[in-house]
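Below, each chain spelled out in residue letters.
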Amino acid sequence: MSYVDEVIARVVKENPSEPEFHQAVKEVLESLRPVVDANEEAFRRDALLERIVNPERQIKFRVPWVDDKGQVQVNTGYRVQFNSAIGPYKGGLRLHPSVNLGIIKFLGFEQIFKNSLTGLPIGGGKGGSDFDPKGKSDREVMAFCQSFMTELCKYIGADTDVPAGDIGTGAREIGYMFGQYKRIKGVFEGVLTGKGLSYGGSLVRTEATGYGLIYIVEELFKCHGLSLKGKTAAVSGAGNVAIYAIQKAQQLGAKVVTCSDSTGWVYDPDGIDVAALKEIKEVKRQRLTEYKKYRPNSEYHEGRGVWTIKTDIALPCATQNELNIDDAKALVKNGVIAVAEGANMPTTLDATEYLQKNGVLFLPGKAANAGGVATSALEMSQNSERLHWSFEEVDAKLKGIMVALYHNIDDAAKKYGFDGNYVVGANIAGFEKVVNAMTLQGIV
Ligand code: NDP
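What this report covers is the structure whose coordinates are included nearby. The structure displayed is predicted, hence computed values, not measured ones.

A few words now on the site of the ligand. Around the ligand lies a shell of 19 residues, among which Thr209, Ala238, Val241, Ser262 and Arg287 are the nearest. The side chain of Arg205 places a nitrogen or oxygen atom 3.3 Å from an oxygen atom of the ligand. Interatomic distance of 2.6 Å between a side-chain N/O atom of Thr209 and an oxygen atom of the ligand. In the complex, 69% of the free accessible area of the ligand, which totals 900 Å², lies under the protein chains. For the shell around the ligand, the residue count by class is 5 nonpolar, 10 polar and 4 charged.

All right, on to the nonpolar core then. Counting residues in each nonpolar core, the largest one holds 101 residues, and the members touching the most others are Phe109 and Leu363. Looking at this core, the element that brings in the most residues is helix 18 (residues 422-440), giving 10 residues. Two domains each provide a minimum of three residues to this core, namely domain 1 (55-188) and domain 2 (208-368). Residues contacting Leu363, with those up to four places away along its chain left out, are Ile216, Val217, Leu220, Val339, Ala340, Glu341, Ala368, Tyr406, Ile409 and Tyr422. Core analysis: the next-biggest nonpolar cluster, separate from the first, contains 23 residues, Leu95, Ala143, Phe144 and Tyr199 among them.

The tally for this structure, following the rule as stated, stands at 14 aromatic pairs. Each ring, one from Phe21 and one from Phe109, has its centre 6.1 Å from the other, and the planes form 90°; the classification is edge-to-face. Highlighted residues: Phe21 in helix 2 (residues 19-31) and Phe109 in helix 6 (residues 101-117), separated in sequence by 88 residues. Judged on exposure class, the residue Phe21 and its partner Phe109 are both buried. Judged by centre distance (5.6 Å) and plane angle (25°), the rings of Phe144 and Phe148 are stacked. Taken together, the residues Phe144 and Phe148, both in helix 7 (residues 138-152) and 4 residues apart, mark about one turn of the helix. We classify Phe144 as buried; its relative accessible area is 0%.

Attention now goes to the environment of Asn15. With respect to the helices, strands and loops of the structure, Asn15 is situated in the loop between helix 1 (3-14) and helix 2. A residue is classified by how much of its surface remains accessible, and Asn15, at 14% relative accessible area, is buried. For the pair Asn15 and Phe106, spaced 91 residues apart in sequence, the C-alpha to C-alpha distance is 11 Å. Contact partners of Asn15, with chain neighbours within four places excluded, come to Phe21, His22 and Lys105. Within the structure, Asn15 has its side chain in polar contact with the backbone oxygen of Val11 (distance 2.8 Å). Side chain to side chain, Asn15 and Lys105 meet in a polar contact 2.6 Å long.

What counts and what doesn't
Residues numbered from 1 in each chain as written. Predicted model: local features only at pLDDT ≥ 70, side-chain atom pairs only at ≥ 80, totals over all residues. Heavy atoms only, no water. Near = heavy atom within 4 Å. Polar contact = N/O pair within 3.5 Å; in protein donor to acceptor, adjacent residues only side chain to side chain. Areas by Shrake-Rupley, 256 points an atom, 1.4 Å probe, with all protein chains shown as cover. Nonpolar A, V, L, I, M, F, W, Y, C, P; charged D, E, K, R; others polar. Core = buried A, V, L, I, M, F, W, Y, C linked by side-chain atoms within 4.5 Å. Buried < 20%, exposed > 50% of the residue type's maximum accessible area, 1.4 Å probe, protein only. Helix = DSSP H or I, 4+ residues; strand = E, 2+ residues; numbered from the N terminus. Domains from an automatic or database assignment. Contact = heavy atoms within 4.5 Å. Phe/Tyr/Trp six-rings, centres within 6.5 Å; stacked < 30°, edge-to-face > 60°.

Remember, this is a structural readout, not a statement about activity or role.
Structure (C-alpha cells):
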C-alpha cells in the first residue's frame, strides 16, 4: 500500500463518523501523490502525513446561555487548532445547526493550505458552534456570543489563534465576541478579524473575497491571452461573495447576467444592477423576486438554473456542491471558458473532472476565494502596528496577493507535470510551504 493510501485508511479508521473530514483529506492527499512519491522515505521517517492530518489541538466546550423566555439553552462550541507551522492559527467561526467536529475539522484542514497559498504568515484553524443565529433576538445572540467567548478566550490571542467570521458569524457576532474577550482579558488586541471599522477592522475586508476572485480570474485570463472585457459571466449566490464578485467583474468590463439565492435565480440580459442587488440583499434583506421591480427587462425563475445560461465565465459563489455534473455538461456545451470557485467546494468532484477534461480553465476555491482570509491577515498587520491603511492601499495589496497566488499554483502544477491543473497546483503549493516549515521546526 502506498504511503498516501495508508494515511487515508488510518484517518478513516481513527476518525469515525466524520465523512466531510475524510473527503477533504482524500481530496488533498490524492493530488499530493507526485510530491509524496518523490519524497517518500523522508516523509515516512518524519511521519509527515500523519502529523499534517492530525490537529495540533481540538477544543470542545459547553456553551450555556439564557433565552428571552428565561430558559437555559446549551450549545456545543469547537475550536480546532490544526497547524501553526507558518503562523498563528487563523480561520473562521461557523454558527450553524449543522456544525459538528467533523465539519470543523474538514474546514480547518482545508484552511491550512488556503492560508499557506496567500503567502502570508497564517496557520490553519476553524471553529464554531451548532447555535443558529437565525430567528434569535439581538440579546439572545449577545448572550450566546458572550458565553462562547468566555470559554474560547482561554485558547486564543493575537499571536496564538485569531478567529474570524464565517457562516452565521457576521459583524454583529464578531462585535459581541470581541467585547467579551476584551472585558475578560483586559487587552485590546487584534484577536478577531472582520471587526467593525470603528474598532480595528480593515477597509476592503467586506469586498475582499469577491474582488479577489475576479483579480485571480483576470490574471488567469491575461496569462492565456484573454481579457475580461466583453465577456459574459454567470454568478450564483447573492450574498457577500457574489455581490462583490459581480461588482468587480463589471468594473473590469465583463457583463454578469445572473445571480441566485436559495429559492430562485435572476437573468438580466443587460447585466446585473449591483446597486439594486445591494439594496435588496444588504439593506432590505428581501428575496430576489424583488429584483424585477428595479429591472423590468430581467427574468426571475424559481429553483436552480444559473448554469444553463450561455456564458464565458461561471462563478459559483453560493454554497457547497451547487454545480453538479449536469451543470458542468451544460456549461461545456455552451462554450464556457473558465470556472472559478468563489464558494467553498461548490463544484462536485465529477463535475470538476468533467470541466478539466473538456479544457475548461478551473480555479479551485482554495485559491480563488483566498482573498478573504488574505485581507484578514492584512487586518492583523494593521492591528499590530496600530495603523489603519487606506482602501486603495489594502485593495492594491489584495490584488498583488491574488496575482502572486495564481503564479504560485501555476508554477507548482507545471513543476510536477500537471500544466494547467490548478487543483493539483493549489494543493501542492500550499502543502510544500507548510511541510518545509514543519521539517525545519523538528518533531513537534
Ligand atoms: P452569504 O450567506 O452572504 O451568501 C450566500 C448566498 O448563497 C446567499 O445569497 C444564499 O441565499 C445563497 N445560497 C445559499 N444556499 C444556496 C443554494 N442551495 N442555492 C442557491 N443559493 C444558495 O455567504 P457568503 O457570500 O459569505 O459565502 C458564500 C460562500 O463563500 C460559502 O461557501 C462561504 O463558505 C464561502 N466563502 C466566503 C468567504 C467570505 O469572506 N465571505 C471567504 C471564503 C469562502 P439565501 O440568502 O436565500 O440563503
